[in-house]
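Structural overview
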Amino acid sequence: GTIVSDKKSYDYLYYEAAIPDTLVPKTQTGYVIAYDKLSNFFEKELPKSGLNTKEKNQFTEYWLKVLPKSAYYKITFIEEKVLDTLVSLVITPKPDSILRVTVRFEPLEKPEIIIPPVFSSFKRDGFTVVEWAGMYKKDKNHPFTCLQ
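Overview of the structure. From a predicted model like this one, the values you see are computed outputs, not experimental measurements.

Topic: the environment of Tyr 136
- Relative to the elements of secondary structure, Tyr 136 occurs in strand 7 (residues 128–136).
- Taking relative accessible area as the criterion, Tyr 136 reaches 8% and is therefore assigned buried.
- In sequence terms Tyr 136 and Pro 68 are 68 residues apart; their C-alpha atoms lie 9.8 Å from each other.

Comments concerning the environment of Pro 68
- Locating Pro 68 in the fold gives a position in the loop between helix 2 (53–66) and strand 5 (72–78).
- Given the relative accessible area of 39%, Pro 68 is considered partly exposed.
- Leaving out residues up to four positions away in the same chain, Pro 68 has contacts with Tyr 35, Tyr 73 and Tyr 136.

Examining the packing of aromatic side chains
- Under the definition given, this model contains 16 aromatic pairs.
- Taking 5.1 Å as the distance between ring centres and 80° as the angle between the ring planes, the aromatic pair formed by Tyr 62 and Trp 63 counts as edge-to-face.
- Here Trp 63 falls in the buried class, since its relative accessible area comes to 0%.
- Residues Trp 63 and Phe 105 carry aromatic rings whose centres are separated by 5.1 Å and whose planes lie at 35° to one another, so their mutual orientation is tilted. Highlighted residues: Trp 63 in helix 2 and Phe 105 in strand 6 (residues 97–108), separated in sequence by 42 residues. Grouping residues by exposure puts Trp 63 and Phe 105 together as buried.

Section: a nonpolar patch on the surface
- On the surface, a cluster of nonpolar side chains totalling about 320 Å² of accessible area is made up of Ile 3, Tyr 10 and Leu 13.
- Here Tyr 10 shows up in strand 2 (residues 8–10).

Criteria and cut-off values
- Residues numbered from 1 in each chain as written.
- Predicted model: local features only at pLDDT ≥ 70, side-chain atom pairs only at ≥ 80, totals over all residues.
- Heavy atoms only, no water.
- Helix = DSSP H or I, 4+ residues; strand = E, 2+ residues; numbered from the N terminus.
- Buried < 20%, exposed > 50% of the residue type's maximum accessible area, 1.4 Å probe, protein only.
- Contact = heavy atoms within 4.5 Å.
- Phe/Tyr/Trp six-rings, centres within 6.5 Å; stacked < 30°, edge-to-face > 60°.
- Patch = residues over 30% accessible without salt bridge, like charges linked within 9 Å, V, L, I, M, F, W, Y side chains within 5 Å.
- Areas by Shrake-Rupley, 256 points an atom, 1.4 Å probe, with all protein chains shown as cover.
- Salt bridge = Lys/Arg side-chain N within 4 Å of Asp/Glu carboxyl O.

Right, here's the structure in full:
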């Protein structure tokens, strides 16, 4: 799709937010992935979340550049109902369907065991809005997580 503003066209909208760590719930399901395996992981797992090829590729390209080097990452998916309370979306006209895929990245020194999530299927119907984002701590000494 295309966003048009002041006669300029965009295929995406970018924003950042600082969210207090206390509001970001710890999720019990996810993955632990070695840093050098992230690209393969995104290729295989992101389509399960509902992202199409273009969205998956954009997500992968962005996050592989942004994430700091770490031996491993714990990757969890934030539920849409949680996102709606943290960063609500108001879109006019109202979309027929909305997909919000937000990944929380937590750096780890060594792997740990975690149960993989189960994704619900997503059907694109009519005017569809897709939001993909990631959360990570830019500064471990600061009480906020960055959403971008």
